[in-house]
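Commentary on secondary and tertiary structure
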4 protein chains.
Amino acid sequence: MLVVMERNATPELVARVCEEIQKMGLKAHPMEGTQRTAIGVTGNDGQVDSDRILTLKGVRDILRITPSYKLVSREHKPEDTIVTVGNASIGGREFAVMAGPCSVENRDQCLTIAEKVAASGAKIFRGGAFKPRTSPYSFQGLGEKGLEILAEVREKFGLVIVTEAMDTETLDMVASYTDIVQIGARNMQNYSLLKKAGRADKPVLLKRGISATLDELLMAAEYVMAEGNENVILCERGVRSASNHSHNVLDLSAVPFVKKYSHLPIIADPSHGTGSRDRVMPLSRAALAAGADGLLIEVHHEPSKALSDAAQAISPEDFEGLMKVMRQMAPVIDRTLP
Amino acid sequence: MLVVMERNATPELVARVCEEIQKMGLKAHPMEGTQRTAIGVTGNDGQVDSDRILTLKGVRDILRITPSYKLVSREHKPEDTIVTVGNASIGGREFAVMAGPCSVENRDQCLTIAEKVAASGAKIFRGGAFKPRTSPYSFQGLGEKGLEILAEVREKFGLVIVTEAMDTETLDMVASYTDIVQIGARNMQNYSLLKKAGRADKPVLLKRGISATLDELLMAAEYVMAEGNENVILCERGVRSASNHSHNVLDLSAVPFVKKYSHLPIIADPSHGTGSRDRVMPLSRAALAAGADGLLIEVHHEPSKALSDAAQAISPEDFEGLMKVMRQMAPVIDRTLP
Amino acid sequence: MLVVMERNATPELVARVCEEIQKMGLKAHPMEGTQRTAIGVTGNDGQVDSDRILTLKGVRDILRITPSYKLVSREHKPEDTIVTVGNASIGGREFAVMAGPCSVENRDQCLTIAEKVAASGAKIFRGGAFKPRTSPYSFQGLGEKGLEILAEVREKFGLVIVTEAMDTETLDMVASYTDIVQIGARNMQNYSLLKKAGRADKPVLLKRGISATLDELLMAAEYVMAEGNENVILCERGVRSASNHSHNVLDLSAVPFVKKYSHLPIIADPSHGTGSRDRVMPLSRAALAAGADGLLIEVHHEPSKALSDAAQAISPEDFEGLMKVMRQMAPVIDRTLP
Amino acid sequence: MLVVMERNATPELVARVCEEIQKMGLKAHPMEGTQRTAIGVTGNDGQVDSDRILTLKGVRDILRITPSYKLVSREHKPEDTIVTVGNASIGGREFAVMAGPCSVENRDQCLTIAEKVAASGAKIFRGGAFKPRTSPYSFQGLGEKGLEILAEVREKFGLVIVTEAMDTETLDMVASYTDIVQIGARNMQNYSLLKKAGRADKPVLLKRGISATLDELLMAAEYVMAEGNENVILCERGVRSASNHSHNVLDLSAVPFVKKYSHLPIIADPSHGTGSRDRVMPLSRAALAAGADGLLIEVHHEPSKALSDAAQAISPEDFEGLMKVMRQMAPVIDRTLP
């Protein structure tokens, strides 16, 4: 940490601040600059709220060095984490594709879509049984009935299942049906849910909050890992910006950032990340090209009858076309597609 | 809803879209414009996912009319909601001041601060027993022990208590101790928590999410009200922006917006809204002047030793000064301060 | 500046980075921390692009201490700058109110509005003769004809005039008519225009860019001051955010920030800052309460016929009511209103 | 346009609003809905400020249909615009790569870099002679001397030149040396500059403003085209967001959006779009995969001595590697790379 003093801070004032810093159990390294004095601070293991220093007279600002994530950091674990579930894996050479409808609407819908996405090469099937909806009057998902349908999909097509758990009360139930537990964007900082997911014995797919920084995303993953669950998959799904042409801006630069500072795999969700069918295809290819470890993508056989997210689901035919293109593109950056 | 057609859409295409809209159970009103045709759509009570229309050929865009909030809207209930708790009320003529530390740290700290803020005129005491922290390694609050201290504060000083419930598992416990249940910004779209709070018999203080739109805030309040709890207090606490001089930008224009479209009271949190002690005082005055119904404000007697949010807590002396100024200012806009 | 090393950087690597820093003409102060080494850097007077250090092996990140603004900083000039023009002043005890239409539409419109705002106590008249419009097909202003009308307003009512200069080609002409030259939000980083305004002999009203940080705003003012013009008035006019209920979010915390770090006066523009008549009144009061030095506010006698910004102009009657309320409020925070 | 009435608006009020709309020369189409009445409005060719309608009693909100861009729209010109300059073209099958240093620092630097990027296949050379810098004390570019160096680069290596014009005063001079005139992000809404560029006889590279919406970007291009210059190339270069890991968020979804609604070519600038060398490579590949028509990319042979943007320039060796990868990737999506 670096404490920046006011320009006109006297040597006495600097000395007093150094003293106070030492009283907090930290070490102070004053450095005189051309315009002002700064004080380097070492020895903080995260227990001292550094904001306190801001309350001292003569202090103009403080610059913090590092996010305090540990377990998720690449410095802690240099090699890539590869999450393996059934015959799928996320974070290795194979690009992981998770496809399916936004919501589990009924058995026929799921079986129809699952058959098609499996035929196109997807190994993981997505579908929401519990749906977080902005309005309490919108379709809220089929609940456990939906989970049963998902289990049937696994049975029938050998697909790995990923579905969302919305609260601590139903997390165990969800985990008992699914292969991967998804934590949605709205719950990225629902710490009670993160802790409970950290104690589940299933991998966790953690979506970035709607305007979360990447440090916050990694800290959320740290909550899961700190409870003992090492199988965390991150997911970039777009952030809010002042731009209004899209629900969100899919921030693909998150991919190289996460790859540099963390060993965890990261996938992209171009469906929520763009909110628009036309943009799902190009952004899917872009996610692969940017180095993402996989995709979470909405596919619906009858988008015009979908109960949710109708505008962003692509058809099974488009999905097949996309898979073909990505299969050709992958080897160029040393990846494979099933 | 207005369906905007592509400029070159033929009359046949327009007719086909109208037909499809009618098949969805809605009514279509085509209107030929100078540049393109638009189709007004009526009859949607919120059950049809309007995104479906975007999937039809020839459709360029759709414009949605209204957020589907009902119970929270002023159209539903024209008169202001006034939430009364003990000898305090929020939403009436009296400006409601909720003051206290960020975290309940120990008994002495709370009693010391509570005595001072009560003496300055605050009727409501704030303090977190369960703390949502970005890092799992930061102080997480005293839990039930903290709630007991808060209960003692109420006992001793006659203050109304407000404290946060972080999850569905502890909400009942929190509600059994506190007078007002706070739902934090990170949980604004934790719908399971909102629903449970909607079944509690205590008023709910609902904080705006870090980049939530006001429609999303009102829809979150709708979740609470739809479960039968009519005592919801909204709280503006700053939104993220590209500006970096402040943790957040306190969006005081939220106050007149909410007042216009909803009957619910809305207060402001200048502590989180600015993140900086120096700005808490002017923004508190500004919140009053903008028409807010009250303040949620962090006060600490020893900010330099606070366990959380040290940079934004003001001293009891500054708080007293602030109350004096606001007491003089209030009558000008027809409000009172205790 | 603080250079943050990778956690696993060897002492040799740290030494090499220190050496490179010294080669750049700067001084390196290595500090070993619990988790990693950091290197304090002093001696940079702004001539070395600190980004270069990021290119050195073993460097994880750099933290920059200070914006390089000098002339605008309070450290450079501790006392408040008061800009005096005619019988008006901005930055002193008197709250400065600049009122008038968005655009100068014709002589009658200006004289009508000017008479009314003068009667309500405004000393400064605003009105655009050159209008920056998003569409090339929208009304672009009357140009010099508009400036002549503004000059007549000054003549007739003794009002001080403020109007926008859009480019270097017309700045001299604008400056020859007006008392204060406005630089609009879209041009905040039009450095050629800023430099030319810095050589004009009229005060400059500099509006914050639509998503400019305050450091960028102050650096833009530095451009003007560096050319010799010391009379700069800053203006907060709202920043973009993810929130969609308002054109912009009026960031009143900019006021105490600027007051702390700069000696320049800062006013608020609640008309553009909210985009909605209903919110102009409460936010105007809030700006005063937050400590702003004045207001820039749109008033139109026939909003339903305005050629631009019809939704945000208030009527002369509402303006009069607002002035009355603010006149009562001002003394509480030790200000006066004419 | 759709006018949304208050829920409790009486039939008389609706009738009055319709009447007023007709007085404005527009046509009103009232539609009674389940919750409220809406009024479709047709006949506005952009001359009427639709905000006026908001001032009528009983009106809750208005929804606007279309941005008024015309010349830039695909509806106006269905086929893709291909800008051809020398032996390069932008917008056709060949992916256009513009590479070079941020600033023209001296002759040697430019010749060295130019030789290398040309050898790797770039046909267009970038380099700033006039530099818009946040601080007036930073290196401001070599001016005309820099333009001469760029002309020598063209001479020597047959490269097409693109460089920025910062103001109306120097635009003609810049245009006389360069092949493509760049308008920078800070000047995207400098309408005087846009108009002048519209009268130049060189193609214009228009960069998206730092938080501009795509409609605003297209309207800025409309300013150029409205003056007669049809050769406009758009450039996505990142937008501000609340996320702090990156200078900006490169918004690749802008590419399919622009492709859908406009005929103009759009390229991406991953250097400014990420601000970090490590992310330039993956985001360059992603831009190609997303369907962009080219890249604007910073290359420097000695990044650690660069006078500006040192952190984001890649080395000529990395550039060569990137070109190789992209050359393999391009055919998959039916493009070529030189």
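Sequence positions are assigned chain by chain, starting from 1 and proceeding in written order. Lettering of chains starts at A and numbering of ligands starts at 1, both following the order in which they are written. Residue-level local features of this predicted model are given only where pLDDT is at least 70; pairs of side-chain atoms are given and counted only at 80 or more, and the full residue set underlies all totals for whole chains, interfaces and linings. Processing note: side-chain calculations cover all non-hydrogen atoms of the structure and skip hydrogens and water entirely.

**Points about the overall build of chain A**
Helix numbers and strand numbers start at the N terminus; a helix is a DSSP run of H or I with at least 4 residues, a strand a run of E with at least 2. Broken down by element type, chain A carries ten helices and 14 strands. Dimensions of chain A, computed from the C-alpha atoms along their principal axes, are close to 75 × 45 × 40 Å. Burial classes follow relative accessibility: with a 1.4 Å probe on protein chains only, a residue under 20% of its type's maximum area counts as buried, one over 50% as exposed, and anything between as partly exposed. Buried residues in chain A amount to 68% of all 338 residues. Only the protein chains shown count as cover for residues, and all accessible areas are computed by the Shrake-Rupley method using a 1.4 Å probe. Element-wise, carbon and sulfur atoms account for 46% of the exposed surface of chain A, whose accessible area totals about 10,900 Å². By the counting rule applied here, Lys and Arg register as positive and Asp and Glu as negative, while His and the ends of each chain are not counted. By convention, the point assigned to a charge is CZ for Arg, NZ for Lys, CD for Glu and CG for Asp. Counting 40 positive and 43 negative side-chain charges, chain A places the centres of these two groups 3 Å from one another.

**Side note on the sheet that holds strand S4 (residues 59–63) of chain C**
Residues and elements named next belong to chain C. By the convention used here, strands pair only if DSSP detects at least 2 bridges between them. One open sheet holds the four strands; their spatial order is S2-S3-S1-S4, and the pairing between them is antiparallel. The outermost strands of the open sheet, each flanked by one partner alone, are strand S2 (27–32) and S4. The mean inter-strand angle of the sheet, taken between neighbouring strand axes irrespective of direction, is 25°. Bridge count for strand S1 (residues 2–5) against S4 is four bridges, and the pairing is antiparallel. Residue pairing across strands places Val-3 opposite Ile-62, the latter belonging to S4. Lines are fitted to the C-alpha atoms to define the axes, a helix being fitted only along its stretch in contact, and any angle between axes, read from their N-to-C directions, falls within 0 to 180 degrees.

**A short note on the relation of the copies chain A and chain B**
Alignment of copies: least-squares fit on C-alpha atoms of residues with pLDDT of at least 70 in both copies. Overlaying chain A on chain B yields an RMSD of 0.1 Å, the required transformation being a rotation through 180° with an accompanying axial translation of 0.0 Å. Here the copies are linked by what is in effect a two-fold axis. By C-alpha distance to the rotation axis, the residue of chain A lying nearest is Ser-211 of chain A, at 3.2 Å. By definition in these notes, contact holds between two residues if any of their heavy atoms fall within 4.5 Å. When the interface residues of chain A are mapped onto chain B, 100% of them are again interface residues, pointing to one common binding face.

**Observations concerning the interface of chain C and chain B**
Many authors give the size of an interface as the accessible area that is lost as the parts come together. Contacts between the two partners involve 36 residues from chain C and, on the opposite side, 38 residues from chain B. Note on definitions: buried area is the accessible-area loss of two parts on being combined, 1.4 Å probe, summed for both. Taken together, both faces of the contact between chain C and chain B bury some 2,800 Å²; the carbon and sulfur share is 66%. A pairing counts as a salt bridge when a side-chain nitrogen of Lys or Arg comes within 4 Å of a carboxyl oxygen of Asp or Glu. At the junction of chain C and chain B, the tally comes to two salt bridges. Ionic pairing is found between Asp-278 of chain C and Lys-260 of chain B, a salt bridge with its closest N-O pair at 2.6 Å. Polar contacts here mean pairs of N or O atoms no more than 3.5 Å apart (in protein, one a potential hydrogen donor and the other a potential acceptor; neighbouring residues in sequence count only if both atoms are side-chain atoms). There are four residue pairs in polar contact (both at pLDDT 80 or more) connecting chain C and chain B. In terms of residue count, helix H9 (residues 277–290) of chain C provides more of the side of chain C that touches chain B than any other element does, eight residues in total. Under the scheme applied here, ten amino acids are nonpolar (Ala, Val, Leu, Ile, Met, Phe, Trp, Tyr, Cys and Pro), four are charged (Asp, Glu, Lys and Arg), and all others, including Gly, are polar. In terms of residue class, the side of chain C that touches chain B is built from 18 nonpolar, eleven polar and seven charged.

**Some remarks on the packing of helix H9 (residues 277–290) of chain A against helix H7 (residues 254–261) of chain D**
The contact between H9 of chain A and H7 of chain D brings their axes to 9 Å, and the two run at 130°. In terms of orientation, H9 of chain A lies oblique with respect to H7 of chain D. In terms of crossing hand, the pair formed by H9 of chain A and H7 of chain D is right-handed. Mapping the contact onto sequence places Asp-278, Arg-279, Pro-282 and Leu-283 of chain A in H9 of chain A and Pro-256, Phe-257, Lys-260 and Tyr-261 of chain D in H7 of chain D. Counted by class, the contact of H9 of chain A with H7 of chain D contains five nonpolar, no polar and three charged residues. Should an angle fall under 35 degrees it is taken as roughly parallel, and over 145 as roughly antiparallel, whereas 65 to 115 is taken as roughly perpendicular and any remaining angle as oblique. The sense of a crossing depends on the near helix, which, turned anticlockwise from the far helix by less than a right angle, makes the crossing left-handed and, turned clockwise, makes it right-handed.

**What to know about the environment of Val-3 of chain C**
Residues and elements named next belong to chain C. Structurally, the position occupied by Val-3 is in strand S1. Taking relative accessible area as the criterion, Val-3 reaches 0% and is therefore assigned buried. Along the primary structure Val-3 and Gly-273 are separated by 270 residues, whereas in three dimensions their C-alpha atoms are 38 Å apart. Setting aside residues up to four positions removed in sequence, Val-3 forms contacts with Ile-21, Thr-37, Ala-38, Ile-39, Val-41, Ile-53, Val-59, Asp-61 and Ile-62.

**A look at helix H7 (residues 254–261) of chain B**
For an α-helix, the turn length of 3.6 residues means that residues three or four places apart are oriented alike. Here H7 of chain B lies mainly inside the structure; six of its eight residues are buried. For H7 of chain B, every residue scored as buried is listed here: Ala-254, Val-255, Pro-256, Phe-257, Val-258 and Tyr-261 of chain B. For H7 of chain B, the secondary structure elements touched by its buried residues are helix H6 (214–226), strand S12 (232–236), strand S13 (266–268) and helix H9 (277–290) of chain B, H9 of chain C together with strand S4 (59–63) of chain D.

**A few points about the interface of chain A and chain B**
With 49 residues of chain A in contact, the opposing surface of chain B contributes 49 residues. Note on chain A versus chain B: buried area summed over both sides is about 4,000 Å², and carbon and sulfur give 47% of it. Here chain A and chain B share four salt bridges between them. For Arg-240 of chain A, the salt bridge goes to Glu-216 of chain B, with nearest N and O atoms at 2.5 Å. The tally of links from chain A across to chain B stands at 26 residue pairs in polar contact (both at pLDDT 80 or more).

**What to know about the relation of the copies chain C and chain B**
Overlay of chain C on chain B (RMSD 0.0 Å): rotation 180°, translation along the axis 0.0 Å. In this assembly, 100% of the residues forming the interface of chain C have copies in chain B that are likewise at the interface, indicating an isologous arrangement.

**Remarks on the domain arrangement of chain A**
Taken domain by domain, chain A holds domain 1 (2–63) and domain 2 (83–333). Marked domain ranges trace back to an automatic or database domain assignment. If you average the C-alpha positions of domain 1 of chain A and of domain 2 of chain A, the two centres end up 45 Å apart.

**Here we look at the sheet that holds strand S4 (residues 59–63) of chain A**
All names here are of chain A. Taken in spatial order, the four strands line up as S2-S3-S1-S4 in an open sheet, and their pairing is antiparallel. The open sheet has two edge strands with one neighbour each: strand S2 (27–32) and S4. Along the sheet, successive strands turn relative to each other by an average axial angle of 25°, direction set aside. Looking at chain direction, S2 and strand S3 (residues 37–42) are connected through six bridges and run antiparallel. Paired with Ala-28 across the strands is Val-41, a residue of S3.

**With respect to the pattern of salt bridges**
One pass over the structure, following the stated rule, counts 84 salt bridges over all chains. A single salt-bridge network, built from bridges that share partners, covers Arg-7, Arg-36 and Arg-60 of chain A together with Glu-75 of chain C.

**Topic: the packing of H9 of chain B against helix H10 (residues 316–329) of chain B**
Residues and elements named next belong to chain B. Across the interface, H9 lies against H10 with an axial gap of 10 Å and an inter-helix angle of 30°. Judged by the angle between their axes, H9 and H10 are roughly parallel. The two elements H9 and H10 cross, and the hand of that crossing is right-handed. In this structure, H9 contributes Met-281, Ser-284, Arg-285 and Leu-288 to the contact, and H10 contributes Asp-318, Leu-322, Val-325, Met-326 and Met-329. The residue makeup of the contact of H9 with H10, split by class, is six nonpolar, one polar and two charged.

**Notes on the pairing of strand S11 (residues 204–207) of chain D**
Residue and element names in this part refer to chain D. Of the two faces of S11, both are covered, the one formed by Val-204 and Leu-206 as well as the one formed by Leu-205 and Lys-207. Relative to S11, strand S10 (residues 180–183) runs parallel, the two being bridged by three bridges. The residue of S11 that forms the bridge with Val-181 is Val-204. Call a crossover right-handed when, viewed with both strands pointing away from you, the route from the first strand across the helix to the second goes clockwise. Considered for its hand, the β-α-β crossover made up of S10, helix H5 (residues 191–199) and S11 is right-handed. Summarising the sheet, S11 and strand S12 (residues 232–236) pair through four bridges and their orientation is parallel. Paired with Leu-205 across the strands is Ile-233, a residue of S12. In this region the chain leaves S11, passes through helix H6 (residues 214–226) and returns to the parallel neighbour S12; the handedness of that crossover is right-handed.

**Observations concerning the packing of aromatic side chains**
Aromatic pairing here means that ring centres of Phe, Tyr or Trp (its six-membered ring) are within 6.5 Å. Orientation follows from the plane angle: under 30 degrees is stacked, over 60 is edge-to-face, and everything else is tilted. One pass over the full model with this rule turns up eight aromatic pairs over all chains. Their ring planes at 20° and their centres at 4.3 Å tell us that Tyr-191 of chain A and Tyr-223 of chain A sit as a pair that is stacked. Of this pair, Tyr-191 of chain A sits in helix H5 (residues 191–199) while Tyr-223 of chain A sits in helix H6 (residues 214–226), and the two are 32 residues apart along the sequence. Whether a charge sits over a ring depends on NZ of Lys or CZ of Arg being within 6 Å of the ring centre and within 35 degrees of the ring normal. The ring of Tyr-137 of chain A is capped by Lys-70 of chain B, whose NZ or CZ atom sits 4.5 Å from the centre of that ring.

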